[in-house]
Amino acid sequence: MTKIRDLADADLPAVSDIYAHYVTDSLATFDETPPGLREWRDKAAGLAGTGLPFLVAEVDGQVAGYAYVAQYRPKPAYRHTLEDTIYLAPGMTGRGLGRKLLGELITRAGETSARQLIAVIADSGDPASTRLHTAFGFEEAGRLKAVGFKQGRWIDTVLLQLDLR
């Protein structure tokens, strides 16, 4: 059984492990060193303190993925623009979990004062994240060419945007 719910502190080790996989074994993130539990606790507390959602997908009692929104950029004028983040545990893709997480995340983001939701997607050749976002109405807003260098490759990012109003 799949359940989408708010993050609990006990979920942070699983969240950390999921993200560490993408840091070390993929081009989906430009991080090169996985953050530790302290950084994850600080992130979760910061989001909770601003009323922004941090969700997990639970399958048979195990964290199978997570999603959250954060302010797009730190400057004050960006306060009504959010950026989403979604990661699924290895082996949990293709089950509709990303769709469930993103759907709930968009609903929750729409309940904030935000007007725009941005997805910044590393264009590593796997179209899954772009397809997921466009299925929810995100539109391509631009491409930043060769802005990341990881695993011996230059990687573009694609910017997608959804009007929450």
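For clarity, every value in this text was computed on a predicted model and none was experimentally measured.

S.K.: Can you help me understand the overall build of the protein in this one?
M.R.: When helices and strands are counted, the protein shows 4 helices and 7 strands. From first element to last, N terminus to C terminus, the protein shows the α and β order β-α-α-β-β-β-α-β-α-β-β. The C-alpha atoms of the protein give 15 Å as radius of gyration, which agrees with the globular expectation for 165 residues (15 Å, within 12%). By principal-axis analysis of the C-alpha atoms, the protein measures approximately 40 × 40 × 30 Å. Per-residue burial for the protein yields a buried fraction of 42% across its 165 residues. Residue pairs at least 24 apart in sequence account for 64% of intrachain contacts in the protein once pairs closer than 6 positions are excluded.

S.K.: Sorry if this is basic, but what is going on with the environment of Leu-88 here?
M.R.: Inspection of the secondary structure assignment puts Leu-88 in strand β4 (residues 81-88). When the C-alpha positions of Leu-88 and Ile-18 are compared, they lie 6.8 Å apart, and in sequence the two are 70 residues distant. Not counting the four nearest positions on each side in its chain, Leu-88 is found in contact with Ile-18, Tyr-22, Ala-64, Gly-65, Thr-93, Leu-97, Gly-98 and Leu-101.

S.K.: Looking at this structure, I do not really get the packing of aromatic side chains. What am I missing?
M.R.: We describe a pair of aromatic rings using the distance from one ring centre to the other and the angle between the two ring planes. What the rule picks out here adds up to 11 aromatic pairs. These aromatic residues form a ring-pair network of at least three members: Tyr-19, Tyr-22, Trp-40, Phe-54, Tyr-66, Tyr-68 and Tyr-87.

S.K.: Help me understand the pattern of salt bridges in this model?
M.R.: Pairing is possible between side chains of opposite charge, provided their charged atoms come close. In total, this model carries 7 salt bridges according to the counting rule given. In this structure, the salt-bridge partner of Glu-104 is Arg-108, at a minimum N-O distance of 2.9 Å. Note that Glu-104 and Arg-108 are positioned in helix α3 (residues 97-110) at a spacing of 4 residues, about one turn of the helix. A salt bridge links Asp-123 to Arg-143, with the nearest nitrogen and oxygen atoms 2.7 Å apart. One end of the pair, Asp-123, is in strand β5 (residues 116-123); the other, Arg-143, is in strand β6 (residues 139-150), with 20 residues separating them in the sequence. Arg-143 gets classed as partly exposed once you look at its relative accessible area, which sits at 34%. Salt bridges linked by common partners bring Arg-5, Asp-11 and Glu-58 together as one network.

S.K.: Even after reading the chapter, I still don't get the sheet that holds β4, so can you show me in this structure?
M.R.: Across a sheet, strands are paired by hydrogen bonds formed along the backbone, either parallel or antiparallel in direction. Read across the open sheet, the 7 strands follow the order β1-β2-β3-β4-β5-β7-β6; overall the sheet is mixed. For this open sheet the edge positions go to β1 (2-6) and β6, each flanked by a neighbour on one side alone. With strand direction ignored, the average angle separating the axes of adjacent strands in the sheet is 25 degrees. Relative to β5, β4 runs parallel, the two sharing 3 bridges. Its bridge partner being in β5, Thr-81 is matched across the sheet by Gln-116. The sheet strands contacting helix α1 (residues 12-25) are β2 (54-59), β3 (62-71), β4 and β6, and the helix crosses β3 at an angle near 80 degrees. Strands β1, β2, β3, β4, β5 and β7 (153-163) of the sheet are contacted by α3, whose axis makes an angle of about 160 degrees with β4.

Scoring rules and cut-offs
- Residues numbered from 1 in each chain as written.
- Predicted model: local features only at pLDDT ≥ 70, side-chain atom pairs only at ≥ 80, totals over all residues.
- Heavy atoms only, no water.
- Helix = DSSP H or I, 4+ residues; strand = E, 2+ residues; numbered from the N terminus.
- Rg over C-alpha atoms; globule rule 2.2 N^0.38 Å.
- Buried < 20%, exposed > 50% of the residue type's maximum accessible area, 1.4 Å probe, protein only.
- Contact = heavy atoms within 4.5 Å.
- Phe/Tyr/Trp six-rings, centres within 6.5 Å; stacked < 30°, edge-to-face > 60°.
- Salt bridge = Lys/Arg side-chain N within 4 Å of Asp/Glu carboxyl O.
- Pairing = 2+ DSSP bridges.
- Axes fitted to C-alpha atoms, helices over the stretch in contact; angles between N-to-C directions.

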